[in-house]
Amino acid sequence: MSGKVSVSVITVCMNAAKTIKRTLESMLAQTYDGPIEYIIKDGGSTDGTLDIINSYEKRFADRGVECLVVSSPDKGIYYAMNEGIDLTHGELIGIINADDMYEPKCLETVVKRYEETRFDLCFGDIRMIMPSGNTFVKKARYRKYTTSRDWNHPTQFVRREIYDTYRFRCLNISDDMDLYFAVKKSDARIEVINEVLADFTMGGVSTSIPIREIPERIERRYMVYRRNGYSRGYIFECVAFELIKYLGAKFG
């Protein structure tokens, strides 16, 4: 594997016993034959999550994946992601949550594009899995008009050096979008891969919300746009996005 691009993947979890297996299995199924480092940051689960993770130790070793499991209390999902980034050694870093999955060729496809372009950040198409079991593909796009509707965080891979400058601010649930917008504003090279790289389970922490929280989520989302220099007109984008997300998770 000498000379091949090294990839670090981070999964943060907390009491994810019902879903963590599919994430772990998706890592084992990767077709990429270069060096893979897998960081699992657990927030102190009490439901058997760690027992499940530890049961995969030999399988990851046999696959040649260097797996590091850290379990300790943290202040939330983005704090945990930042902690995971601190532990990485790979040239590229991806983050996949404990109820989502990478497609088998995800890492192979991303590394191939990186070798061709030397991007700073890339993302691709994603398959959305609704509570009903129905699915649809959310396409990735890169255009001057910035909207998170074009971008899919579970498919995002970032060159390690970029995280030396940009980290999750740990302000609210839209921190991942905030980081992407900040990188997009810079001179970073961003690539879009129009292939399905990951599967996203709707109804998780980012989509399972009471209707009473929607106004606050709209405000938080809007502030991310404003903080990154976008116009007040983006309030309409924020309202539409949160309502569509809520209705999709509830009736999908």
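What counts, and at which threshold
Residues numbered from 1 in each chain as written. Predicted model: local features only at pLDDT ≥ 70, side-chain atom pairs only at ≥ 80, totals over all residues. Heavy atoms only, no water. Helix = DSSP H or I, 4+ residues; strand = E, 2+ residues; numbered from the N terminus. Rg over C-alpha atoms; globule rule 2.2 N^0.38 Å. Buried < 20%, exposed > 50% of the residue type's maximum accessible area, 1.4 Å probe, protein only. Areas by Shrake-Rupley, 256 points an atom, 1.4 Å probe, with all protein chains shown as cover. Lys, Arg positive; Asp, Glu negative; His and termini not counted. Charge placed at Lys NZ, Arg CZ, Asp CG, Glu CD. Salt bridge = Lys/Arg side-chain N within 4 Å of Asp/Glu carboxyl O. Contact = heavy atoms within 4.5 Å. Phe/Tyr/Trp six-rings, centres within 6.5 Å; stacked < 30°, edge-to-face > 60°. Lys NZ or Arg CZ within 6 Å of the ring centre and 35° of its normal.

A. Here's a closer look at the overall build of the chain. A count of helices and strands for the chain gives eight helices and nine strands. Against the globule reference of 18 Å for 252 residues, the chain gives a C-alpha radius of gyration of 17 Å, in line with a compact fold. C-alpha atoms of the chain, sized along the principal axes, occupy 50 × 40 × 35 Å. Looking at the 252 residues of the chain, the share that counts as buried comes to 54%. For the chain, the exposed surface amounts to about 11800 Å²; the carbon and sulfur share of it is 52%. The averaged location of the 36 negative side-chain charges in the chain is 6 Å from the averaged location of its 36 positive side-chain charges.

B. Fine view of the pattern of salt bridges. Following the criterion strictly, the structure yields 25 salt bridges and no others. For Arg 167, the salt bridge is made with Asp 86, and the minimal N-O distance between the two is 3.0 Å. Taken as a pair, Arg 167 in the loop between β8 (157-159) and α6 (175-185) and Asp 86 in helix α4 (residues 77-86) lie far apart in primary sequence, 81 residues in all. Of the residues examined, Arg 167 reaches a relative accessible area of 28% and is grouped as partly exposed. Close ionic contact of Glu 216 with Arg 220 constitutes a salt bridge, the shortest N to O distance being 2.5 Å. Taken together, the residues span about one helical turn, with Glu 216 and Arg 220 both in helix α7 (residues 214-227) at a distance of four residues. Here the salt bridges do not stand alone but share partners, grouping Lys 112, Arg 113, Glu 116, Arg 189 and Glu 191 into one network.

C. Local environment of the environment of Asp 125. Along the chain, Asp 125 falls in strand β6 (residues 121-129). In this structure, the C-alpha to C-alpha distance between Asp 125 and Ser 26, residues 99 residues apart in sequence, is 17 Å. Filtering out sequence-adjacent residues up to four positions away, Asp 125 remains in contact with Val 137, Lys 138, Lys 139, Ala 140, Asn 152, Thr 155, Ile 193, Asn 194, Glu 195, Val 196, Leu 197 and Ala 198.

D. Inspection of the packing of aromatic side chains at higher detail. Overall, the coordinates contain 14 aromatic pairs when judged by the stated rule. Cluster of aromatic residues (ring-pair linked, three or more members): Phe 123, Trp 151, Tyr 180, Phe 181, Tyr 225, Tyr 230 and Tyr 234. Taking NZ or CZ as reference, Lys 184 lies 4.8 Å from the ring centre of Tyr 142, over its face.

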